[in-house]
Structure formats: C-alpha cells, structure tokens
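# Fold and contact review
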Amino acid sequence: MSDDRPDETTADPSGTANPAAPGVVGGRDPFEDALGMAALRALAHPLRVEIMNELSDFGPATASMLAERLGESSGATSYHLRQLARHDIIVEDTERGSGRERWWRMAPGGVTIGSPETLGTPAGREANELISLGWQQNNERRLAAFLRRGLDTFGFDWMESSTLSTSHLEVTREQLAEFGREYYALQDRLKAKWKAEDAEADARTEPPAERKRVQVQFNAFPLVEQEDR
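Residues numbered from 1 in each chain as written. Predicted model: local features only at pLDDT ≥ 70, side-chain atom pairs only at ≥ 80, totals over all residues. Heavy atoms only, no water.

An unreviewed UniProt entry lists the protein chain under the name Winged helix-turn-helix domain-containing protein, with Leifsonia virtsii as the source organism.

### Observations regarding the packing of aromatic side chains
Taken as a whole and judged by the stated rule, the model has three aromatic pairs. With 6.4 Å between their ring centres and 45° between their planes, Phe-154 and Trp-158 make a pair best called tilted. With a centroid separation of 5.1 Å and 75° between ring planes, the pair formed by Tyr-183 and Tyr-184 is classed as edge-to-face. Looking at Tyr-183, the relative accessible area reads 26%, which means it is partly exposed. (Phe/Tyr/Trp six-rings, centres within 6.5 Å; stacked < 30°, edge-to-face > 60°. Buried < 20%, exposed > 50% of the residue type's maximum accessible area, 1.4 Å probe, protein only.)

### Digging into the pairing of strand S4 (residues 103-106)
Where strand S2 (residues 61-62) meets S4, two bridges bridge the pair, whose relative direction is antiparallel. Within the sheet, the bridge partner assigned to Ala-61 lies in S4 and is Trp-104. Pairing geometry for strand S3 (residues 90-92) and S4, over three bridges, is antiparallel. Bridge pairing in S4 links Glu-92 to Trp-104. (Pairing = 2+ DSSP bridges. Helix = DSSP H or I, 4+ residues; strand = E, 2+ residues; numbered from the N terminus.)

### Let's talk about the pattern of salt bridges
Applying the stated criterion across every chain yields a total of 13 salt bridges. Across the pair Glu-54 and Arg-142 runs a salt bridge whose closest N-O atoms are separated by 3.2 Å. Within this pair, whereas Glu-54 is found in helix H2 (residues 46-58), its partner Arg-142 is found in helix H6 (residues 122-154), the two being separated by 88 residues in sequence. In this structure Arg-142 comes out as buried when scored by relative accessible area, which is 5%. Through salt bridges with shared partners, one network takes in Glu-54, Asp-57, Arg-69, Arg-142 and Glu-225. (Salt bridge = Lys/Arg side-chain N within 4 Å of Asp/Glu carboxyl O.)

### Overview of the packing of helix H3 (residues 63-70) against helix H4 (residues 74-86)
At a closest axis distance of 8 Å, the pairing of H3 and H4 adopts a crossing angle of 115°. The way H3 lies across H4 gives a crossing that is right-handed. For the pair formed by H3 and H4, the contact residues are Ala-63, Ser-64, Leu-66 and Ala-67 on the first element and Ser-74, Thr-77, Ser-78 and Leu-81 on the second. The class makeup of the residues in the contact of H3 with H4 is four nonpolar, four polar and no charged. (Axes fitted to C-alpha atoms, helices over the stretch in contact; angles between N-to-C directions. Left-handed = near helix turned anticlockwise from the far one by under 90°. Contact = heavy atoms within 4.5 Å. Nonpolar A, V, L, I, M, F, W, Y, C, P; charged D, E, K, R; others polar.)

### A short note on the sheet that holds strand S8 (residues 219-222)
Taken together, the three strands give an open sheet; going across it, the order is S6-S8-S7, and neighbouring strands pair in antiparallel fashion. Pairing within the sheet leaves two strands with one partner each, and these edge strands are strand S6 (163-164) and strand S7 (214-216). With two bridges connecting them, S6 and S8 associate as antiparallel partners. Looking across to S8, one finds that Leu-164 is bridged to Asn-219. Running at roughly 50° to S8, H6 makes contact with S6, S7 and S8 of the sheet.

### Digging into the packing of H2 against H4
Remark: H2 packs on H4, axes separated minimally by 10 Å, with the N-to-C direction vectors making an angle of 80°. With respect to their mutual orientation, H2 and H4 come out roughly perpendicular. Here Leu-47, Arg-48, Ile-51 and Leu-55 of H2 come into contact with H4, specifically with Thr-77, Tyr-79, His-80, Leu-81, Gln-83 and Leu-84. Among the residues making up the contact of H2 with H4, the classes are represented as six nonpolar, three polar and one charged. (Parallel < 35°, antiparallel > 145°, perpendicular 65-115°, else oblique.)

### Some thoughts on the pairing of S8
Going residue by residue along S8, you find Asn-219 and Phe-221 tucked away on one face and Ala-220 and Pro-222 tucked away on the opposite face as well. Bridge count between S7 and S8: three bridges; the pairing is antiparallel. Each bridged residue has a counterpart across the sheet, and for Val-214 the counterpart in S8 is Pro-222.

### Quick look at the sheet that holds S3
Here we have three strands laid out as an open sheet, ordered S2-S4-S3, and antiparallel in their pairing. With partners counted over all chains shown, the strands left at the sheet margins are S2 and S3, one partner each. In this fold H2 packs onto S2, S3 and S4, with an angle of close to 85° to the strand it touches most, S4.

Put into structure tokens, the structure is as follows:
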C-alpha cells in the first residue's frame, strides 16, 4: 500500500462512529469523513462487507484472490469491487499488477459510519447495523483463530507481545469521550514514531524487521490467516 497507515474501520456496536463524540477526536469532527447515505447503502451488502474486511485485514488483492478466499466467483467479486470503488470505499492499487488483472486496496483513512444523517432514517439505521455486525463478526473470527492457532503459527515471542484486554471502568460521558480521544491520539503518535524509525532504518540500509498484520480491538494480536495467504 502506498499509504503505510493501518486500514481502519470505526464504529460502535450500534453503528455509531467513534463513541468519543461529542466534540472532536484528534482535533477533527469524528463524522467529518463518515459515509453518506449512498455510500453506506453501497457497502451494506454482506459480500461487500466481507470484501472490505479482507482488504482491510490483509492488504491489496485482486478479484480472483478474493473470490478464492471467500468462495465466490471472480465475476461476483469483480462486480462488488466496482460498486465499492464507485463510492471511494476502495481504490485501485496502481502500483501492483500487470494490467491483466486489477489490484484493489482500502482508500486511505479507512471507513467511518454512523453519521447523524444516516442514523436519522430507518433505512440508514438498518444499513449501519448490517455493516457493524459484519465488522464485529469478522473481529470475533480473527480473535478465535488467534486463540486456536496463534502459538503454533507464530511462536511464544509473538504471543508474549500480543494483548488481550478487557477493562471495566465507571466514568462520566465526558470521561468516556476523553478515553476515545486518547486512544486515537496514541495511535497517531505511535504511527508517526514508527514511520520516522522506518525512514531512519532505510537511510542506514538496515534489513527490515519482521512484520505481521495486526488487528487492534483492544485486543492486539497478529492475524493467523495471513500465514495461509
């Protein structure tokens, strides 16, 4: 991917983007880039949510690669990829491919749903719910695979570096919003730090460190399925 930030999707279980609203997150309106109704409806299809999950979790892929992973025909995945691209949910990865088959990746910045506009109608609420449930079910599958196969797949060092965390806090609404803001600020700070470190390592022509695709829920663990790709 030309954008080296992890792909992100943002929603709470009700379909509302970033629960740190009201106010701003990281200095911006949390709904500023949320999908409008047309794009939301385009995404609100089970196979399109699965395609988005695959591209977000594992990076760029072709229609035939996605078809094999998802048990669909390449014609079906090609059609749904084009519909997602029409609404800028995904973009063509022009740095890959030979021209015979197009590669696709998530659009930079990820996907946010749950704007007040889309939650204001029954159709919008239904679409938000379908997408949110699809994301959550995907998260649960990834975590279950890690718990079953993580040690055998990655070894003890990667298991020790992973985090599975559940905390229970008693907070006000404002404190909950602050928690969300701090979480996103931490992500932004670490991504900037790691990008600078990578640039310094490249300048010294050091060999790249081993990398794994990681999902943060907050749980943070390497994705087992990447080893099957």
